[in-house]
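Listed here are the chains, written in short residue letters.
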Amino acid sequence: MISNEAKKEIDIWVSKYPKGRESSAVMQALTIVQKENSGILNSDLIYAVADYLKMPAISVQEVATFYENYNHKPVGKHVVRFCHNISCMLNGSDDLISYLENKLEVKTGEVTKDGLVSVRKVECLGACVGGPMCQIGDQYYENLTTDKLDKILEELK
Amino acid sequence: MNEVCFKNLGKENPASFTTYEANGGYQVWRKILKGELTPDEIIVELKTSGLRGRGGAGFPTGLKWSFMPRNQEVQKYVVCNSDEGEPGTCHDRDILRYNPHSVIEGMAIAGFVMNATVGYNYIRGEFMEPYYRFEEALKDAYKAGLLGKTLQGSPISFDLYTHLGAGAYICGEETALLESLEGKKGQPRFKPPFPANVGLFGKPTTINNTETFASVPEILSRGGQWFADLGVENSGGTKCFSVTGSVKHPANFEVPMGTPFSKLLELAGGLKEGRTLKAVIPGGSSTPVLTAETAMNMTMDYDSIANAGSMLGAGSVIVMDDTTCMVKTLARLAHFYYDESCGQCTPCREGTGWLYRMLQRILDGNGKKEDLDLLLSVSEKIEGNTICALGDAAAAPVVSFINNFRDEFEYYIKNGKSIIEGEHNLIEEATSV
Amino acid sequence: MSEIEIEIDGNLVKAKQGDSIIKIADREGIEVPRFCYHKKLSVAANCRMCLVDVEGAPKAQPACSTPVANGMKVHTKNDKAKFAQKAVMEFLLINHPLDCPICDQGGECELQDVAMEYGSDVSKFNEGKRIVPDKGIGALIQTDMTRCIHCTRCVRFGAEVAGIVEMGGTGRGEGVKIEPFLTEGIQSELSGNMIDVCPVGALTSKPFRYEARTWQMNAVPSVARHDLVGSNIITQSYRGKVKRVVARDNDSINETWISDRDRFSYEGLSHESRALKPKVKIDGEWQEVEWQEALDFTIDGIKNNAKNPEQLGVLASKYSSLEEYFLMQKLARSFGSDNIDFRIDQSDLSDGGSLESSITLSEIESIDHALIVGSYTRLEQPMINHRIRKAVLNGASVNTINSKQFDFNFNTELDLLSAPQKILSTLHAILKSLHLKIGTDVPKYLSKVIPDDVHNKIADDLIASKNGVIVLGEHLNSNPSSSAITNLIFQIAQITDLKIANLMLSGNSHAAERVGFMPTKNGMNAISMFNENTRVFMLMDVDCDYDFINLQSAADCFNNEDVFVVSMSSFENESLHTNANVILPMASYYEASGTHINFDGLVQSFSASVKSPGDSKPGWKIIKVLADLLELEGFDYINSTQVKDEALQSSKLKSSFDDVNAEIDDSQITTHWQYAPYATDSVSRRAKALQESNIGMINSAFVSKSTAKRLDINGDDLYLGVPVSITDAVAEDYVFVHTNQARRVEGG
Ligand SMILES: Cc1cc2nc3c(=O)[nH]c(=O)nc-3n(C[C@H](O)[C@H](O)[C@H](O)COP(=O)(O)O)c2cc1C
Ligand code: SF4
Ligand code: FES
């Protein structure tokens, strides 16, 4: 269920916490296994993580459903997380989100037909001076315009 | 400008170990490792400096550090709050990106003062770039023998790790952050007991904001008085402000406390072409909104902003001009708190949803006359009755927006549309461009 | 802690530094509304209902989590407090359905009660109400999570008391759902307490669903009889039927909890197999008759078949009342027979009485160490297990010697797997190790024994323990050398100066022992009785399918042409029809007054909660009439209290030990038939929901890989009719049958 590489990665996180506190690594463990599984979690993975970190499954599920960054429904290969909070909104994020939805022919929360991209509206990502902005993978894209968005989308494969 | 936390901005490789050291970094820490500074001396300097917590509540840092039971023979922890999630705020991100070593040194010093040998920096899960920068810095600090066990032959040890969040604004609240660090949902704990007694893993813990830690080395190297003198009474030193919204050049600025708001606005290039100032949120979305007039008369420090009827908060200045629809803006903020409530305590769990739904209904053109008073009364019932301050934070904008811009709300309810030309409801449904 | 003084609502009261405001208020009878606070659970302070005004504090403070300080002035009902409380009430109600008329909690709902007092009459909430989809959590608990107010009492109960982290709060904000991870149902012997702790109708009793409204029911305090604790309960009945059983607080007995068995077994009372009419078997045909006829038939049968009084044998289950035991043995003894026994599931009765416990229920909570021998305490004695668990949470250590690894809800340090036939030698080794370590003389019979590391570790822990206990459990009953084992444990406890908790005989066995429901020197016991000398058997609440350890010899005996079997029973079944000659329908639990004697020796009497169905009669009355008809002296009782008073005057049989040193062949593969907890007594076995619960469905024959090979069975097979489960967690040369099925004889 969890690959050996993933286990190694999880172990690095586990090593940061005192003995007996392995469950501190659960958030990262979920992030890691989610990445391995096309960006979504399922109950087998929850069990696997629970088993690996010796936690009750429900406690892992609580974490997996509390934090925004875990997905329980299919997502695109790339998830465009678009901030729609105040600073971005004041600089036109709503229009850009609409633009994106039209261009990709999806609504927020949906995946494009080719499975490549899904769009999500998210709360403040902490890059307000660069609004409107979005996050794709590890990367932040700031001061967005329709032109910039076009270019970014082109590069997504 | 940019004298403390953003000191290295503009230098080549500002985040690097070399740049940091070349500009006086790690001097304080080395002094400590040589035994030339005592915890008490450090606390005195910090108290003199007037440094107050930059995470929002503004609690005096020196005082906070003195609360830790430093002589108790138990593991103690230092935790840095880099969860930066308050809408409008993004200066901690830049500190992590451009001056990570200041945070490391600040935390190490804190560890020494409080006799805590382990620290964690909780970085929000989306901050991957800052996370990599900080990890890089950690590696260099370890390599230089500045982190680890019995450092430089001294009896002092300090290990520092990062923990990554996974998307939850509430984890910025210090006890929710501790829960999250323990691998749980980020649900705030009730106090007492306070983290200084029962914190991370049940052990005494001190939590400070990124900017707070980053300020410490400079304060100790140039003296508390120097720092205090940069600012004004009750607000020592400099403060990083994120200026966003309807300004020409949104950016982060580190300016002395007491700088007039108008000056800060100027630094950000002033308002966009042809616009006039309508309103300002001075400290992040959780602080009350002020009218243009009030804002233009205040200076950026704790007391002045408080006198104006708001709070310095996290230093996030959100500027709104005459094209901003206050109803829509408030609805957006209400959605944020509704979305981010941890769901633990009744008034916040139920109240944030109620507020958001009412505002959304108004936006949809289905507002009723009574709604405004009901919004105020629901806010009043949330305020002060919750476990953590998120409840208050959700209530504050509602009250201040309605009180300061009631006409605009009444117009919307009466006419089913915004007083601002062309504004439309975009919260849930994306309408076509 | 130091005494301080605080003021609540103008009253000066004493308090301990650090106590919460709510604790003091409760003690003083000052009402503070609350939902998340529960005196036996950790403080969560999440509902905010208990907000009160503390002078000097800018905001209202939660009474449940605010510690008192000297001179503190608290107002629980001033404007500020009321405003906060009303605010919280309003928030709680906006998303709560208005379905009180169809909610089973109606009438006993904490939310409803508090709303009456603190709610405002009109809700200004105009938005849609939340609807929460349900997952369901098993056969016992009905969920309706739309009603949930997120107080997390059930979650905390699970984690803190039941020791199962199965319920949690998933999601966040308004979307938080209290639910288990998957829908397999809650796996706990204490799960029903979640119903009691839930302040609203989100968790209610499934069997009780729509059966009656609380205010229509007749509530009678009673005592549960399935285990040694005698948990205090309340039976609630409607139209003469028990509809629900809930816990009654009694801190020294069951605190505020009861086991699921005690809570849900009542369903068995209305099972279709109830014996409602006296019946006699004439020429192999069963006929319903009137009482008089049945009694005459019985007396004739006894007189005709028992040529002399010693040909009468009397047997009972462990679940009869003190009064029934007393009268039954009195009848036998007045008749002239000493063949009396209730230990029908024990395979070794040579010790003539059971080892006395030397610890009380509440003392168990503060032990520092326990050695558990032959018990899965969690399922067998849930409330005693709960006390052990509390001790463990406080730092006590536990070692076990069992023939299978069990899923205790506390940490055990060392689990020594030992097949029943090897337990004796294991104890020998431990005893020897103790002698060597303490420096006492090693008895001769231990000279060849060589303790290993594990034995030494167990011995070390026993020696190091200051107030530990050795627990003997039900699994030893079927052990052929149980007398020798108890004797050894007695010795071990003596030389280590530790206490003993004997949990071998459950139910009301303390009452049976108290009145001498066992043979004295001359009489025959539950094993030796099955021979050609016994011509008349009187059975009280005995199920021939389940209860006897030596089913075959019992059946052989009962089926003999010249043997007359009288069965006083609340239920009928095939085997009863085959084995008995007359069935006298008897009242069951809650249908007759009676007395239970618990682990602490505490005598608890209860009255009937409902009338027994059909023509069935209380056991003590049936016995009295039979005695009268047999013209025996001394049965002029008018009520059961007289019986009880006389019974309690009789003195208890003392246990006596021979220096036993049984040799057994430990190379044989042994089978241990252990009933699942809801198959222990005639009523629970027929309780529908209990049987459908996870624990009710336990039915597996556990065997190790190598033993399976020796027996030539594999994972798809049945062993004595029970599905085989091959596992490492079981001793070698041994089959552990844990089942809800009737006992089967090997090879049969
Ligand atoms: C809802 C909420 C969100 C918060 N978010 C942050 C945050 O993102 N970063 C932060 O430093 N402090 C945040 N705080 C404040 C912290 O709880 C805490 O006061 C702070 O980290 C203490 O550090 P300081 O004394 O250095 O300010 C938040 C508080 C609340 C109630
Ligand atoms: S105020 Fe909101 S975020 Fe804070 S504890 Fe209560 S529910 Fe959670
Ligand atoms: S009872 Fe105190 S907050 Fe719930």
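Rules of the game
Residues numbered from 1 in each chain as written. Chains lettered and ligands numbered in written order. Predicted model: local features only at pLDDT ≥ 70, side-chain atom pairs only at ≥ 80, totals over all residues. Heavy atoms only, no water. Helix = DSSP H or I, 4+ residues; strand = E, 2+ residues; numbered from the N terminus. Buried < 20%, exposed > 50% of the residue type's maximum accessible area, 1.4 Å probe, protein only. Contact = heavy atoms within 4.5 Å. Near = heavy atom within 4 Å. Polar contact = N/O pair within 3.5 Å; in protein donor to acceptor, adjacent residues only side chain to side chain. Areas by Shrake-Rupley, 256 points an atom, 1.4 Å probe, with all protein chains shown as cover. Phe/Tyr/Trp six-rings, centres within 6.5 Å; stacked < 30°, edge-to-face > 60°. Axes fitted to C-alpha atoms, helices over the stretch in contact; angles between N-to-C directions. Parallel < 35°, antiparallel > 145°, perpendicular 65-115°, else oblique. Left-handed = near helix turned anticlockwise from the far one by under 90°. Nonpolar A, V, L, I, M, F, W, Y, C, P; charged D, E, K, R; others polar. Salt bridge = Lys/Arg side-chain N within 4 Å of Asp/Glu carboxyl O. Pairing = 2+ DSSP bridges. Right-handed = clockwise from strand over helix to strand, strands pointing away. Expected span 1.5 Å × (residues − 1).

(A) Local environment of the overall build of chain B. In terms of regular secondary structure, chain B is built from 18 helices and 11 strands. Taken over the C-alpha atoms alone, chain B extends approximately 75 × 45 × 40 Å along its principal axes. Here chain B, with 433 residues, has 67% of them falling under the buried criterion. Sequence separation of at least 24 residues holds for 70% of the intrachain contacts in chain B that already meet a minimum separation of 6.

(B) Geometry of the site of ligand 1. Residue and element names in this part refer to chain B. Looking at ligand 1, there are 18 residues lining it, with Gly55, Lys64, Asn208, Asn209 and Thr212 nearest. Within the side chain of Asn81, one N or O atom sits 2.9 Å away from an oxygen atom of ligand 1. Between ligand 1 and Glu84 there is a distance of 3.4 Å, counted from an oxygen atom to a backbone nitrogen or oxygen. The protein chains hide 89% of the 610 Å² of surface that ligand 1 would expose on its own.

(C) View of the packing of aromatic side chains. Scanning all chains against the criterion turns up 39 aromatic pairs over all chains. Pairing B:Trp354 with C:Phe125 gives two aromatic rings, centres 5.2 Å apart and planes at 80 degrees, and the pair type is edge-to-face. Of the two residues, B:Trp354 is situated in helix α15 (residues 346–363) and C:Phe125 in the loop between α3 (110–118) and β6 (141–143); the pairing between them involves two chains. No difference in accessibility class separates B:Trp354 from C:Phe125, as the two residues are buried. Judged by centre distance (6.4 Å) and plane angle (35 degrees), the rings of C:Tyr734 and C:Phe736 are tilted.

(D) Inspection of the packing of helix α8 (residues 322–335) of chain C against helix α18 (residues 619–629) of chain C at higher detail. All names here are of chain C. Contact pair α8 / α18: the axes reach a minimum separation of 9 Å and the direction vectors enclose 15 degrees. Relative to α18, the element α8 is oriented roughly parallel. Relative to α18, the crossing made by α8 is left-handed. For the pair formed by α8 and α18, the contact residues are Glu323, Glu324, Leu327, Met328 and Leu331 on the first element and Gly619, Trp620, Ile623, Leu626 and Ala627 on the second. Classifying every residue of the contact of α8 with α18 by side-chain character gives 7 nonpolar, 1 polar and 2 charged.

(E) View of the interface of chain B and chain A. Contacts between the two partners involve 67 residues from chain B, matched on the other side by 45 residues from chain A. For the interface between chain B and chain A, the tally reads 5 salt bridges. Note that B:Lys328 and A:Asp94 form a salt bridge whose closest N and O atoms lie 3.0 Å from each other. Here chain B and chain A share 21 residue pairs in polar contact (both at pLDDT 80 or more) between them. Elements represented by at least two residues in the side of chain B that touches chain A include exactly β2 (118–123), α7 (128–143), β3 (159–164), α8 (174–181), β5 (238–245), β6 (251–256), β11 (316–321) and α14 (326–340) of chain B. Examining the composition of the side of chain B that touches chain A, we find that 8 residues originate from one element, α14(B), more than from any other. Class assignment of the residues belonging to the side of chain B that touches chain A gives a composition of 31 nonpolar, 21 polar and 15 charged.

(F) Layout of the sheet that holds strand β13 (residues 279–282) of chain C. All names here are of chain C. Overall, mixed pairing links the 7 strands, which are arranged β14-β13-β24-β23-β22-β15-β16 in an open sheet. The two strands at the open ends of the sheet, each matched to only one other strand, are β14 (285–288) and β16 (340–341). Relative to strand β23 (residues 564–569), strand β22 (residues 536–540) runs parallel, the two being bridged by 5 bridges. Across the sheet, residue Phe537 finds its bridge partner in β23, namely Val565.

(G) The arrangement of the pattern of salt bridges in detail. Tallied over the entire structure, the rule returns 77 salt bridges over all chains. Across the salt bridge formed by A:Glu62 and B:Lys185, the nearest N and O atoms sit 3.6 Å from each other. Here A:Glu62 is found in helix α4 (residues 57–66), whereas its partner B:Lys185 is found in the loop between α8 and β4 (205–209) on a different chain. Just as A:Glu62 is buried, B:Lys185 falls in that class too. Measuring nitrogen to oxygen at the nearest pair gives 2.8 Å for the salt bridge that ties C:Arg244 to C:Glu108. Of this pair, C:Arg244 sits in strand β12 (residues 241–247) while C:Glu108 sits in the loop between α2 (79–94) and α3, and the two are 136 residues apart along the sequence. Residue class for C:Glu108 comes out partly exposed when judged on its relative accessible area of 29%. Taken together, the shared-partner salt bridges connect C:Lys40, C:Asp251, C:Glu255, C:Glu365, C:Arg387 and C:Lys390 into one network.

(H) Region of the structure containing the interface of chain C and chain A. Across the boundary between the two partners, chain C contributes 13 residues, which contact 13 residues of chain A. Taken together, the connections running from chain C to chain A amount to 1 salt bridge. Linking C:Arg172 and A:Glu68 is a salt bridge whose minimum nitrogen-to-oxygen distance equals 3.5 Å. Taken together, chain C and chain A are joined by 4 residue pairs in polar contact (both at pLDDT 80 or more). Element by element, the count of residues in the side of chain C that touches chain A is highest for strand β7 (residues 167–170) of chain C, at 4 residues. Taken together, the residues that form the side of chain C that touches chain A break down as 5 nonpolar, 4 polar and 4 charged.

(I) Quick look at the pairing of β2(B). Residues and elements named next belong to chain B. Across the 6 residues of β2, 6 count as buried, placing the element largely inside the fold. Judged by which residues are buried, β2 turns out to be covered on both faces: Val118, Tyr120 and Tyr122 on one side and Gly119, Asn121 and Ile123 on the other are all buried. Both strand β1 (residues 77–82) and β2 contribute to a ladder of 6 bridges, which runs parallel. Bridged to Asn81 within β2 is Tyr122. Inspection of the sheet shows β2 paired to β3 by 6 bridges, in the parallel sense. Bridge pairing links Tyr122 to His163 in β3. For the handedness criterion, the β-α-β arrangement of β2, α7 and β3 is classed as right-handed.

(J) Looking closely at helix α6 (residues 100–114) of chain B. All names here are of chain B. The terminal C-alpha atoms of α6, which comprises 15 residues, lie 21 Å apart, in line with the 21 Å expected from a rise of 1.5 Å per residue. Judged by how many residues are buried, α6 sits mostly within the fold: 15 of 15 residues are covered. Following α6 by one or two positions, Asn115 adopts a phi angle in the positive range, close to 60 degrees.

(K) Representation of unusual backbone geometry within the structure. Omega for the bond connecting B:Lys191 with B:Pro192 falls within 30 degrees of zero, at -5 degrees, which places this linkage in the cis form. Note the cis peptide between B:Pro192 and B:Pro193, where omega equals 0 degrees. Tracing the backbone through its elements, the reader meets B:Pro193 in the loop between α8 and β4. The residue A:Ser38 is not glycine, and still its phi comes out positive at about 50 degrees. In this structure, A:Ser38 sits in the loop between α2 (26–36) and α3 (43–53). Since its relative accessible area comes to 62%, A:Ser38 is described here as exposed. Unusually for a residue other than glycine, C:Asp712 sits at a positive phi of about 60 degrees. Tracing the backbone through its elements, the reader meets C:Asp712 in the loop between α21 (705–711) and β29 (718–719).

(L) Geometry of the sheet that holds strand β19 (residues 414–417) of chain C. Residues and elements named next belong to chain C. A sheet is described by the order of its strands in space; here 5 strands give the open sequence β19-β18-β17-β20-β21, paired in parallel fashion. Bordering the open sheet on either side are β19 and β21 (499–502), each of which pairs with just one other strand. Averaged over all pairs of adjacent strands, the angle between their axes in this sheet comes to 15 degrees, without regard to strand direction. For strand β17 (residues 369–373) and strand β18 (residues 397–402), the ladder comprises 5 bridges, and the chain directions are parallel. Within β18, the position partnered with Ala370 by the bridge is Val398.

(M) A look at helix α5 (residues 91–98) of chain B. In terms of burial, α5(B) is largely enclosed, as 7 of its 8 residues are buried. Every buried residue of α5(B) is listed here: B:His91, B:Asp92, B:Arg93, B:Asp94, B:Ile95, B:Leu96 and B:Arg97.

(N) How the structure looks around the site of ligand 2. In the vicinity of ligand 2, 13 residues are found, and the nearest of them are B:Cys342, B:Gln344, B:Cys345, B:Cys348 and B:Cys388. Residue composition of the shell around ligand 2, by class: 8 nonpolar, 5 polar and no charged.

(O) Seen up close, the side chain of C:His672. Residues and elements named next belong to chain C. For His672, the position within the fold is in strand β27 (residues 670–675). What makes His672 buried here is its relative accessible area of 3%. Residue contacts for His672: discarding those within four places in its chain leaves Ser403, Pro420, His475, Ser478, Tyr734, Val735, Phe736 and Val737.

(P) Representation of the packing of α5(B) against helix α9 (residues 210–222) of chain B. Residues and elements named next belong to chain B. Between α5 and α9, whose axes approach to 9 Å, the crossing angle comes to 45 degrees. Relative to α9, the element α5 is oriented oblique. Between α5 and α9 lies a crossing of left-handed hand. Only Thr210, Glu211 and Ala214 of α9 make contact with α5, whose side of the interface consists of His91, Asp92, Ile95 and Leu96. Among the residues forming the contact of α5 with α9, the class breakdown is 3 nonpolar, 2 polar and 2 charged.

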